[in-house]
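Residues per chain are reported as follows:
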Amino acid sequence: KLPALIHGGRTKATFVIPNAKQGMLSKLYAGGASIEDIDYGAEAVTVTAVVDAATRGALRAYDTCPPRASEDWED
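Residues numbered from 1 in each chain as written. Predicted model: local features only at pLDDT ≥ 70, side-chain atom pairs only at ≥ 80, totals over all residues. Heavy atoms only, no water.

Right, let's talk about the pairing of strand 2 (residues 34-40) for a bit. Sheet analysis places strand 2 next to strand 3 (residues 44-51), joined by six bridges and oriented antiparallel. The partner of serine 34 across the bridge, within strand 3, is valine 50. In this structure, the hairpin formed by strand 2 and strand 3 is closed by a connection of three residues. (Pairing = 2+ DSSP bridges. Helix = DSSP H or I, 4+ residues; strand = E, 2+ residues; numbered from the N terminus.)

Okay, here's the thing in structure tokens:
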């Protein structure tokens with residue numbers, strides 16, 4: 001939980017979004033994500049960003065390391 005406190009309740013996450021779903025990137029920007037790295041690959045976009053819990057929850061299908069089941073999602 002310490003990293004979330006450092007970022008004011010926000011956590012760093014890496015998402016792998018298939019190119020066919022690139023529209024999901026708008027959820028990152030709409031949620032005020034701080035994009036640290038973005039790589040447009042042949043089949044997917046890999047994005048590392050600092051996001052709030054609601055944005056991370058909305059993109060959980062693409063999260064490479066989702067929070068453990070004991071951690072709550074905010075939708």
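Next comes the rest of the account.
Looking now at the nonpolar core. Counting residues in hydrophobic clusters, the biggest one holds 13 residues, and the most contacted among them are Phe15, Leu28 and Val51. Per element, the largest residue contribution to this core is four residues, and it comes from strand 3. In this view, leucine 28 contacts Phe15, Ala33, Ile35, Val47, Val51, Thr55 and Leu59; residues no more than four positions away in its chain are not counted. (Core = buried A, V, L, I, M, F, W, Y, C linked by side-chain atoms within 4.5 Å. Buried < 20%, exposed > 50% of the residue type's maximum accessible area, 1.4 Å probe, protein only. Contact = heavy atoms within 4.5 Å.)

As for its placement among the helices and strands, glycine 57 is situated in helix 3 (residues 53-58). In this structure, the C-alpha to C-alpha distance between glycine 57 and proline 67, residues 10 residues apart in sequence, is 9.4 Å.

No statement about biological role is implied by the geometric values presented.
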